[in-house]
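# Descriptive structure summary
Chain residues, written in single-letter form:
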Amino acid sequence: ELCIAGRLDRWTTGLLLLTNDGRFARRVTDGGGSVEKEYRVAARLPIDDLGAAVAAFAGGLYLPDNQRTCRPAKLSQVAGVAGEGADRTYLVTLCEGKRHQVKCMVNAVSGGANRVVALHRS
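A short tour of the structure in this document, coming up.

Procedures and definitions
Residues numbered from 1 in each chain as written. Predicted model: local features only at pLDDT ≥ 70, side-chain atom pairs only at ≥ 80, totals over all residues. Heavy atoms only, no water. Axes fitted to C-alpha atoms, helices over the stretch in contact; angles between N-to-C directions. Helix = DSSP H or I, 4+ residues; strand = E, 2+ residues; numbered from the N terminus. Parallel < 35°, antiparallel > 145°, perpendicular 65-115°, else oblique. Left-handed = near helix turned anticlockwise from the far one by under 90°. Contact = heavy atoms within 4.5 Å. Nonpolar A, V, L, I, M, F, W, Y, C, P; charged D, E, K, R; others polar. Pairing = 2+ DSSP bridges. 1 Å grid on protein atoms, 1.4 Å probe; cavity = no way out; pocket = protein on both sides within 12 Å on 5 of 7 lines; lining within 4 Å. Points joined across faces, edges and corners; volume = space filled by probe spheres on them. Core = buried A, V, L, I, M, F, W, Y, C linked by side-chain atoms within 4.5 Å. Buried < 20%, exposed > 50% of the residue type's maximum accessible area, 1.4 Å probe, protein only.

### Considering the packing of helix α2 (residues 50-59) against helix α3 (residues 101-109)
The interhelical angle for the contact between α2 and α3, taken along N-to-C directions, is 135°, at an axis separation of 10 Å. The angle between α2 and α3 falls in the class oblique. The way α2 lies across α3 gives a crossing that is right-handed. Side by side, α2 and α3 meet where A53, A56 and F57 of the first sit next to M105, V106 and V109 of the second. When its residues are assigned to classes, the contact of α2 with α3 shows 6 nonpolar, no polar and no charged.

Structure, rendered in structure tokens:
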């Protein structure tokens, strides 16, 4: 019996794996915080203080709207992107995946003034 390993919401593009190994599917989907998930993020605006944002992600960012602290995550600007939006394309790597977490994290490090306009799970 085939099952899906991973999940995407309707606003996220990416690859889903099909497998007949239920334990593998649960490990990839739930992971218990051990499986890294990488997202390519296009933000509406550049993140003003990228160094501070990277430190906030690494330290476990508090999301006041969700009233919770995220596990430590990684944030970096994507190098080598040309054209419009090059300065607002980022990679976010995390070990959890709560509802709209990446979008909330980008918004939080931008003082509530930014939003994600495209999200792709690698």
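Read on for the rest.
### Thoughts on the sheet that holds strand β4 (residues 37-43)
Here we have 5 strands laid out as an open sheet, ordered β2-β9-β4-β8-β7, and mixed in their pairing. Edge positions in the sheet fall to β2 (12-14) and β7 (74-77), since each has one partner strand and no second. Between one strand axis and the next, the sheet turns by 25° as a mean value, whatever way the strands run. As paired elements, β4 and strand β9 (residues 116-121) share 5 bridges and run antiparallel to each other. Among the inter-strand pairings, A43 is bridged to a residue of β9, identified as V116. α2 rests against β7 and β8 (89-94) of the sheet, and its axis sits at about 155° to β7. Contacts from α3 reach β4, β8 and β9, with the element oriented near 135° to β9.

### Here we look at the layout of surface pockets
One number sums up the size of the largest pocket: a volume of about 290 Å³. R7, D9, Y39, G97 and K98 are, among the 18 residues lining the largest pocket, the residues nearest its centre. Sorting the residues of the lining of the largest pocket by element identifies β4, α3 and β9 as the ones contributing at least two each. Top contributing element to the lining of the largest pocket by residue count: α3, with 3 residues. Looking at the lining of the largest pocket, its residues break down into 5 nonpolar, 5 polar and 8 charged. For the second largest pocket, the calculated volume is near 160 Å³. Forming the walls of the second largest pocket are A5, G6, L15, L17, V28, V35, E36, K37, E38, R121 and S122. Split into classes, the residues belonging to the lining of the second largest pocket amount to 5 nonpolar, 2 polar and 4 charged.

### Some details on the pairing of β9
Bridging between β2 and β9 involves 3 bridges; their strand directions are parallel. Counted as the bridge partner of T13 is H120 from β9.

### Quick notes on the nonpolar core
One broad rule of soluble globular proteins: the nonpolar side chains tend to lie buried together. One finds V41, F57, L75, V92, L94, V102 and M105 to be the most contacted residues of the largest nonpolar core, which totals 19 residues. Residue assignment for this core shows that the elements contributing at least two residues are β4, α2, β8, α3 and β9. Apart from residues no more than four positions distant in its own chain, M105 is found in contact with F57, L61, L63, C70, A73 and L94.

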